[in-house]
Amino acid sequence: MRRHDRAGAKRRRDLIAYALGKAARLALTIAVVAVLAFALARVLPGDPALTAAGLDARPADVEAMRRSMGTDRGLATQFAEWALGLARLDLGASLVSKERVSRLIAQRFPLTLELALLASAFAMLVGLPLGEASATRKGGAADGAIAFLSRLALSLPGFWLGILLLLGFAVAIPIFPLFGGKDLRSLVLPALALGASNAAMLTRQTRTAMLDELSSEYVVAARAKGLSRSQAARRHALRNALPPVINLAGLQFGALFGGAVVVEQVFSLPGLGRLALTAVAQRDFPLVQGCVVVFAVIASCASFLADLASAAARPGIGRAAR
Amino acid sequence: MTDGAILSIRGLELDFPSRVGIVVPALRGVDFDARAGEVHAIVGESGSGKSSCFLAPLGLYAARPSIRGSFRFEGRELVGLGERELCRIRGTGIAMVFQDPLRYFDPSMRVGRQIAETIAIAEGRSPMGLPAEGRGRRARRLRARELIRSVGLGEPDRVLAAYPRELSGGMCQRAMIAQALAGNPRLLIADEATSAVDAGLKRGIERLLRSLADERGLAVVYISHDPASVRRVADRVSTMSGGRMAEGPWRR
């Protein structure tokens, strides 16, 4: 009994050491992204002061605008100021509206988070069962149909699918709103548009991982002890096939925020994606940087959590599986 | 000749369809009997068809080979049965123990849960057989513990709580035998069950299989490529070569 406790304690210690290592890498990623976000925003052609003052403004007015925005100072000074703020979790103020960037992001964040969660849930609810079904019916008609559907979903860009969905289910059969509101119903079509290609990728990944597992000896043994093919697949092969699927879902979740930029535009949803797009158009450097850092933090956290989840999903494997 | 035989194989032929459409013959005219309380060994080099005699009729191959001849278990013909019926015989009628327990246990499930799963399968198939107190999680746990003890493992709780990789090869093989016994089978097929275990532990597993036949009256088919091991365990020995029964059965 005590030896069993000890084995459990060792498993926990392993998991904690693993989590700490991942957290350190997460911090490094965010630091690198912060530098890149700053540099890329400055590389963009265009001048926020010129945009704000108008193209026909006098040079003196533009210069005054630059001074008031603080973009007349050296790049190093600007970066140091921003980085110090970032370390205190202060993202600075928008050049255009003068509002705090953190406030602007906080206002838009919940909508995009809901959209991403919904799209992610949709992708998993569709991808896992379809992947399992096509693996257990490999070579059959269902497998072929699922392969065709997933190729279709992968080749349709999100914005195009979004427009089709709007035409179909908001115009022709008006069961969903045409313009974005704040309720869940108005998020259904955007989530479908955003999650469709992810669902297809998860279907593929699940199918591949399941086929690998289905050819394992333990599946033969599970059937030898009296489970049917489908029971052996669901109870044993599926759980061993999960880690790569969870990893992919985590990576996808981070990327969903990037995909939201386009889909929010199509569905006119006031989310983080549209905020970032407007910020880029206005060369609002602090806001662009703030959005990029938030995207990066979310993407890193999602893949970090997915790593933890997939490590936990295969408890008997230990470090070798990572 | 089939008097008292729990398993009787007659004229079993097996063909594997290959990718290019050529038929690959695997078994030709195999006769074999297994009796309760007896260990009947099959010896032969690898690829001689020893395992195929049992895996194919039980429907355990991924590719469906074509089978002819007869494979009667407790008087019932298995050749020609569908997957549903075969599934009901596997585990509770005929159980199997494989060569490398680490690969034949689900690596991400605790040993105890895998054994309990087998007990639950057996329970599900005996609607009247078990008294009410014999069912349920706790009862399955107790039964699993008892099974672990019966295969000569101490610390049953530790074994049941472990993942397969956390057990030594010998312990894992004994746990696999315990799992096979969980379905209360009448016939146990030990497919190279001692081949992956090192020499010292091998004797222990051999004695355990022997005692299952002697004490529980189980019919044991002992598949091996090791003649010395077979001499220690078996009551009867048959030799296979190139998909045919080459010699035997000899009584020992």
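All of these numbers come straight from a predicted model, not from anything done at the bench.

A. Molecular detail of the overall build of chain B. Scanning chain B from terminus to terminus reveals 9 helices and 10 strands. The C-alpha atoms of chain B give a radius of gyration of 18 Å, which matches the 18 Å a tight globule of 252 residues would have. A principal-axis box enclosing the C-alpha atoms of chain B has dimensions of 50 × 40 × 40 Å. Each of the 252 residues in chain B was classed as buried or not, and the buried ones make up 50%. The contacts in chain B between residues at least 6 apart in sequence include a share of 69% that link residues at least 24 apart.

B. Representation of the sheet that holds strand β5 (residues 76-77) of chain B within the structure. Residue and element names in this part refer to chain B. Overall, antiparallel pairing links the 4 strands, which are arranged β2-β1-β4-β5 in an open sheet. Looking at which strands have only one partner, the edges of the open sheet turn out to be β2 (23-35) and β5. Pairing of strand β4 (residues 66-73) with β5, which is carried by 2 bridges, proceeds in the antiparallel orientation. Residue pairing for β5: Arg-72 is matched across the bridge by Glu-77.

C. Summary view of the interface of chain A and chain B. Contact with chain A, which involves 24 residues of that partner, is made by 28 residues of chain B. The set of elements that each furnish at least two residues to the side of chain A that touches chain B consists of α1 (2-43), α9 (217-224) and α10 (229-266) of chain A. Residue contributions to the side of chain A that touches chain B peak at 7 residues, all from α9 of chain A. Among the residues forming the side of chain A that touches chain B, the class breakdown is 10 nonpolar, 7 polar and 7 charged.

D. A look at the environment of Arg-204 of chain A. Position of Arg-204 of chain A among the secondary structure elements: in helix α8 (residues 185-214). Along the primary structure Arg-204 of chain A and Ser-150 of chain A are separated by 54 residues, whereas in three dimensions their C-alpha atoms are 7.8 Å apart.

E. Seen up close, the pairing of β4 of chain B. Residue and element names in this part refer to chain B. Pairing of strand β1 (residues 5-17) with β4 involves 7 bridges; the strand directions are antiparallel. The residue bridging Ile-9 from the neighbouring strand is Phe-71, located in β4. Joining the antiparallel neighbours β4 and β5 is a turn of 2 residues, in which Glu-74 adopts a positive phi near 50°.

F. Molecular detail of the pairing of strand β10 (residues 244-251) of chain B. Summarising the sheet, strand β9 (residues 236-241) of chain B and β10 of chain B pair through 5 bridges and their orientation is antiparallel. Its bridge partner lying in β10 of chain B, Thr-239 of chain B is registered against Glu-247 of chain B.

What counts and how
Residues numbered from 1 in each chain as written. Chains lettered and ligands numbered in written order. Predicted model: local features only at pLDDT ≥ 70, side-chain atom pairs only at ≥ 80, totals over all residues. Helix = DSSP H or I, 4+ residues; strand = E, 2+ residues; numbered from the N terminus. Rg over C-alpha atoms; globule rule 2.2 N^0.38 Å. Buried ≥ 20, exposed ≤ 12 C-beta atoms within 10 Å, placed from the backbone. Contact = placed C-beta atoms within 7 Å. Pairing = 2+ DSSP bridges. Nonpolar A, V, L, I, M, F, W, Y, C, P; charged D, E, K, R; others polar.

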